[in-house]
Amino acid sequence: MNAIKFSVVVPAYKVEKYLPRCIDSILGQTYQNIELILVNDGSPDGCLDIMEQYAAHDGRVSVVSQANAGLSAARNAGLKIATGEYVSFIDSDDWVEPDMFAVLAMHLEKEKSDYVCFRLEFDNEERNRRHVYGKPYPQQALEGREEILRDTLKLRSIPTSAVLKVYERSFLEQNHLTFEKGIVNEDTLFSIQVACYASKVTFVNRVFYHAIEREGSISRSSQERLFVDMHTAFVKARNTMDNIGMWEEFKDLYEARYLRSMLYNLLQAAQRLEYAEYRRTGKVCMERTLFKNYDRMSIRKRLPLAHRVLLLCIKSPVLFFGLIRLFNLLSFRMH
């Protein structure tokens, strides 16, 4: 049996400080059958120079350079030229454990799947804090589109982020699955779309991925656009579900997931913004999304208790804002 080849796509924009550590963690893998595709997304700093230096010294490295078009476009550019059986997406300010691909290769040789999920640790270097995301996976695999989509919408086991999965490239290509350009909530949409087509998902209970928490990174920026783009992501996710005949069965779970995702954005806004800015941002959520439409008892009861309590607190912006600030001070997480 030929060794599994992994294509690793790393988009980069304004991350010259972090990029070498990310690249070193990939090229330093104990498993060597890897191609590393570095995508310079029009970065104005030294990212392209760093990429070209690595490419000059390691034949496994390819460099793609394009005008700035966003994370989704950069990932798609890398995916377009990937040649591996499986493809991984790693953010350029993060890093991975040295045996990640060795363990995943052994797993995938035994358990072929459309994608395999693993675990993540948040590293907040400014506060010198680390936090492992979520709980250990309770199962080794999920099979069947309905079960996989149900798990994804309920946020049970399958993580939302694309960086916490390795995908079979032929699965993505055959189902024409790429990242939606022009939105900042691309992973929410992509996670639901891949779930609509997957027949088997497997899990490895290891923390392989380290996400660096810092101000300015895409996933940590609180801004009004997050709500509008999240709404767009869910509209497109609904279209996918409708196209394959899964909308009616999963309508209530979809609406609960919509509500939960908007609540997460409100939580992030309360953590990151001053109160006056939070109020303005929250107004966007209430007026330009379907949050109010889905915030009803029949949908709320599908959410975890903590989320139901927070939905009640939202009625009082001061109470909600103060509560989230207290949670943040105590390092308590809702995700």
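It should be emphasised that the depicted structure is a prediction, and the values quoted were computed from it without experimental measurement.

Chemist: Explain the overall build of the protein chain here, please?
Modeler: If you tally the helices and strands in the protein chain, you get 14 helices and 10 strands. Compactness check: the protein chain gives a C-alpha radius of gyration of 20 Å against a globular reference of 20 Å for 335 residues, within 12% of the reference. Taken along the three principal axes of its C-alpha coordinates, the protein chain extends 60 × 45 × 35 Å. With 335 residues in all, the protein chain has 55% of them scored as buried. A total of about 15,200 Å² of accessible surface is found on the protein chain, and carbon and sulfur atoms cover 49% of it. Averaged over its 45 positive side-chain charges, the protein chain has a centre that lies 8 Å from the centre of its 43 negative ones.

Chemist: Just checking my understanding: could you explain the pairing of strand 7 (residues 129-132) for this structure?
Modeler: For a regular strand, side-chain orientation follows a simple rule: the groups alternate between the two sheet faces. Bridging between strand 6 (residues 115-124) and strand 7 involves four bridges; their strand directions are antiparallel. Note that in strand 7 the partner of F122 across the bridge is H131. Joining the antiparallel neighbours strand 6 and strand 7 is a turn of four residues, in which N128 adopts a positive phi near 55 degrees.

Chemist: Please explain the pattern of salt bridges as it appears in this structure.
Modeler: Should the charged atoms of two oppositely charged side chains come close, the side chains can pair. Under the criterion given, the structure shown has 19 salt bridges. Linking E35 and K5 is a salt bridge whose minimum nitrogen-to-oxygen distance equals 3.9 Å. Taken as a pair, E35 in strand 2 (residues 34-41) and K5 in the segment before strand 1 (6-12) lie far apart in primary sequence, 30 residues in all. With relative accessibility at 11%, the residue E35 sits in the buried group. On the basis of relative accessibility, which here comes to 24%, the residue K5 falls in the partly exposed class. D295 is paired through a salt bridge with R300; the nearest N and O atoms lie 2.7 Å apart.

Chemist: Any chance you could explain the nonpolar core here in plain terms?
Modeler: Note on soluble globular proteins: their nonpolar side chains tend to be buried together. If you look at the biggest cluster of nonpolar residues, it comprises 70 residues, and the most contacted ones within it are Y115, L149, Y167, L172, M241 and F320. Tallying contributions element by element places helix 9 (residues 247-272) first for this core, with 13 residues. Once residues lying within four places of it in the same chain are set aside, the contact partners of L149 are I192, A195, C196, M241, M246 and F250.

Chemist: Please explain helix 3 (residues 71-81) as it appears in this structure.
Modeler: An α-helical segment advances 3.6 residues per turn. Residues three or four places apart therefore align on the same side. Within helix 3, nine of the 11 residues are buried, leaving the element largely enclosed by the surrounding structure. Among all positions in helix 3, only L71, S72, A73, A74, R75, N76, A77, G78 and L79 are buried. On its buried side, helix 3 packs onto strand 1, strand 2, strand 3 (61-66), strand 4 (86-89), helix 6 (169-174) and helix 7 (186-197).

Chemist: I tried to follow the packing of aromatic side chains on my own but got confused; where do I start?
Modeler: Two aromatic rings, taken as a pair, are described by how far apart their centres are and by the angle between their planes. Throughout the structure, instances matching the rule amount to 20 aromatic pairs. Centroid distance F179 to F190: 4.0 Å. Interplanar angle 25 degrees. Geometry classified as stacked. With F179 in the loop between helix 6 and helix 7 and F190 in helix 7, this residue pair connects regions lying 11 residues apart in the sequence. Take F190: its relative accessible area is 1%, and that puts it in the buried class. Linked through ring pairs, F89, Y115, Y167, F171, F179 and F190 together constitute an aromatic cluster. A cation over a ring is seen here: R75 above F179, with NZ or CZ 4.8 Å from the ring centre.

Reading the values: the criteria
Residues numbered from 1 in each chain as written. Predicted model: local features only at pLDDT ≥ 70, side-chain atom pairs only at ≥ 80, totals over all residues. Heavy atoms only, no water. Helix = DSSP H or I, 4+ residues; strand = E, 2+ residues; numbered from the N terminus. Rg over C-alpha atoms; globule rule 2.2 N^0.38 Å. Buried < 20%, exposed > 50% of the residue type's maximum accessible area, 1.4 Å probe, protein only. Areas by Shrake-Rupley, 256 points an atom, 1.4 Å probe, with all protein chains shown as cover. Lys, Arg positive; Asp, Glu negative; His and termini not counted. Charge placed at Lys NZ, Arg CZ, Asp CG, Glu CD. Pairing = 2+ DSSP bridges. Salt bridge = Lys/Arg side-chain N within 4 Å of Asp/Glu carboxyl O. Core = buried A, V, L, I, M, F, W, Y, C linked by side-chain atoms within 4.5 Å. Contact = heavy atoms within 4.5 Å. Phe/Tyr/Trp six-rings, centres within 6.5 Å; stacked < 30°, edge-to-face > 60°. Lys NZ or Arg CZ within 6 Å of the ring centre and 35° of its normal.

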